[in-house]
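Listed below, chain by chain, are the residues.
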Amino acid sequence: MEKDTLYKRLMDDCRFREGLNACINCGTCTAICPAAEFYRYDPRSIANMVQSQDDAVIEELLRSEAIWYCGECMSCVSRCPRKNAPGLIIMALRSLSQDMGYFTESEKGRQQLALKRTVGENILNYGYCIYPRVFHHAMHPESGPVSKWVGEHLDDVHRRLGSNLDGNGPGVLRKIPQAALDELKAIFDVTGGTQRFETIERCSRMKAEEMGIPFEEYSRRTATLNSNNHSVK
Ligand code: SF4
Ligand code: SF4
């Protein structure tokens, strides 16, 4: 059976079909894009590259840093004169990069492992993107000294703020019932999220081996290292 082209796989994603009509290369999206102000990022060129339908060009994108800079704010959507949505195109490219394992070829892409192991697993385990009991300052030194102090006095801080951390009943950061977490897991299973998580783990392990470093060290680097080579100078 003939293998699907990368462009065909993008077209199978409804976000891509909705996000790309025909780009006229006007650059309005880049002018409005907040990520383009800070990163070496140009949504106009991404829309132009994918509409080439050239698999070599698309593979280059899937391996690149560029597809990880978008903040998915969707400011570009309402401005595009052709009703394209570069933010949706990016979402489809990211998913395909993860599914193909190309994400490990860029520093920002490799950080998908850290995101999967924090935000992703927090959602499944606790029902929250950020769950304070597993937010360790050592893994997020950029969060600063106040965050460190809050972590060291977590229960006291939440009691004073009036939240319901891990409590039953209503309130901020209340315990999410197991039945609801089971439903979330079922949604991940049927929508391909679980499989994508497994792919991220498997491909990251392969990359660690290729780089000749223990997987735990690789994992730590994805959470803490930044080459600072991403910004517009
Ligand atoms: S605003 Fe729309 S048409 Fe213009 S470059 Fe961006 S995606 Fe293409
Ligand atoms: S969705 Fe992405 S590409 Fe569009 S404006 Fe926001 S950051 Fe830029």
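Bear in mind the structure is a predicted one, so any value in this text is a computation, not a measurement.

S.K.: Kindly report on the overall build of the chain, identifying the contributing residues and their values.
M.R.: Counting its regular elements, the chain contains 15 helices and 0 strands. With 233 residues in all, the chain has 23% of them scored as buried. Of the contacts formed within the chain by residues at least 6 apart in sequence, a portion of 66% connects residues at least 24 apart.

S.K.: Help me get a handle on the site of ligand 2, residues and values and all.
M.R.: Around ligand 2, 15 residues are found, and the nearest of them are C33, C70, C73, C76 and G87. Contributing elements (two or more residues each) for the shell around ligand 2: helix 4 (34-38), helix 7 (75-79) and helix 8 (86-100). When residues in the shell around ligand 2 are grouped by element, the largest group, 3 residues, is from helix 8. Taken together, the residues that form the shell around ligand 2 break down as 11 nonpolar, 3 polar and 1 charged.

S.K.: Tell me about the domain arrangement of the chain, and please be specific about residues and values.
M.R.: It is common to report an interface's size as the accessible area lost on association of the parts. On domain assignment, one finds that the chain holds domain 1 (6-100) and domain 2 (109-224). If you average the C-alpha positions of domain 1 and of domain 2, the two centres end up 27 Å apart. On the domain 2 side, the residues contacting the 4 residues of domain 1 number 5 residues. Looking at the side of domain 1 that touches domain 2 residue by residue, the class counts come to 1 nonpolar, 2 polar and 1 charged.

S.K.: Residue-level account of the site of ligand 1, with values.
M.R.: For ligand 1, the set of nearby residues contains 15 residues, the closest of which are C23, C26, T28, C29 and C80. Of all elements in the fold, only helix 3 (28-32) and helix 5 (43-50) reach the threshold of two or more residues within the shell around ligand 1. Among the elements that line the shell around ligand 1, the one with the most residues is helix 5, at 3 residues. Residue classes in the shell around ligand 1 are distributed as 9 nonpolar, 4 polar and 2 charged.

S.K.: Talk me through unusual backbone geometry; I want residue IDs and the actual numbers.
M.R.: Excluding glycine, residues mostly have negative phi values, and the peptide bonds linking residues are mostly trans. Despite not being glycine, N25 shows a phi value in the positive range, around 65°. Among the secondary structure elements, N25 is positioned in the loop between helix 2 (14-19) and helix 3. In this structure N25 comes out as exposed when scored by C-beta crowding, with 11 C-beta atoms within 10 Å. For L173, which is not glycine, the phi torsion reads 60° and is therefore positive.

S.K.: For the nonpolar core, give the residues involved together with the corresponding values.
M.R.: Judged by nonpolar contacts, the single largest core of 33 residues is most densely connected at I46, V50, L61, I89, A92 and L93. When residues of this core are traced back to their parent elements, those giving at least two are helix 1 (6-11), helix 4, helix 5, helix 6 (55-62) and helix 8. If you tally residues by element for this core, the top one is helix 8, at 6 residues. When residues no more than four places from it in sequence are discounted, the contact partners of L61 are I46, M49, A66, I67 and L93.

S.K.: Explain helix 14 (residues 193-211) to me, using residue names and the numbers behind them.
M.R.: In this model, helix 14 (19 residues) spans 27 Å end to end at C-alpha, consistent with the 27 Å of a helix rising 1.5 Å per residue. For helix 14, the complete set of buried residues consists of I200, C203, S204, K207 and A208. Taken end-on, helix 14 shows its buried residues confined to a sector of 145°, consistent with a single buried face. Opposite the buried face of helix 14, by more than 90 degrees, sit the exposed residues Q195, E198, R202 and E209. Positioned one or two residues after helix 14, G212 has a phi angle of 75°, which is positive.

S.K.: Hey, could you go over the packing of helix 10 (residues 112-126) against helix 14 for me, with residue numbers and the actual values?
M.R.: Relative to each other, helix 10 and helix 14 sit at 140°, their axes nearing to 9 Å. Relative to helix 14, the element helix 10 lies oblique. Here helix 10 runs over helix 14; the crossing is left-handed. Each of Q112, L113, K116 and G120 in helix 10 lies in contact with helix 14, whose residues at this interface are F197, I200 and S204.

S.K.: Hey, could you go over the environment of G169 for me, with residue numbers and the actual values?
M.R.: For G169, the position within the fold is in the loop between helix 12 (154-161) and helix 13 (178-191). What makes G169 exposed here is the crowd of 7 C-beta atoms within 10 Å. Each C-alpha atom, one on G169 and one on S219, is 36 Å from the other, the two residues being 50 residues apart in sequence. With residues near it in sequence (within four places) discarded, G169 still touches N164 and R174.

Quick notes on the rules
Residues numbered from 1 in each chain as written. Chains lettered and ligands numbered in written order. Predicted model: local features only at pLDDT ≥ 70, side-chain atom pairs only at ≥ 80, totals over all residues. Helix = DSSP H or I, 4+ residues; strand = E, 2+ residues; numbered from the N terminus. Buried ≥ 20, exposed ≤ 12 C-beta atoms within 10 Å, placed from the backbone. Contact = placed C-beta atoms within 7 Å. Near = placed C-beta within 6 Å. Nonpolar A, V, L, I, M, F, W, Y, C, P; charged D, E, K, R; others polar. Domains from an automatic or database assignment. Core = buried A, V, L, I, M, F, W, Y, C linked by C-beta atoms within 7 Å. Expected span 1.5 Å × (residues − 1). Arc of directions from axis to C-beta. Axes fitted to C-alpha atoms, helices over the stretch in contact; angles between N-to-C directions. Parallel < 35°, antiparallel > 145°, perpendicular 65-115°, else oblique. Left-handed = near helix turned anticlockwise from the far one by under 90°.

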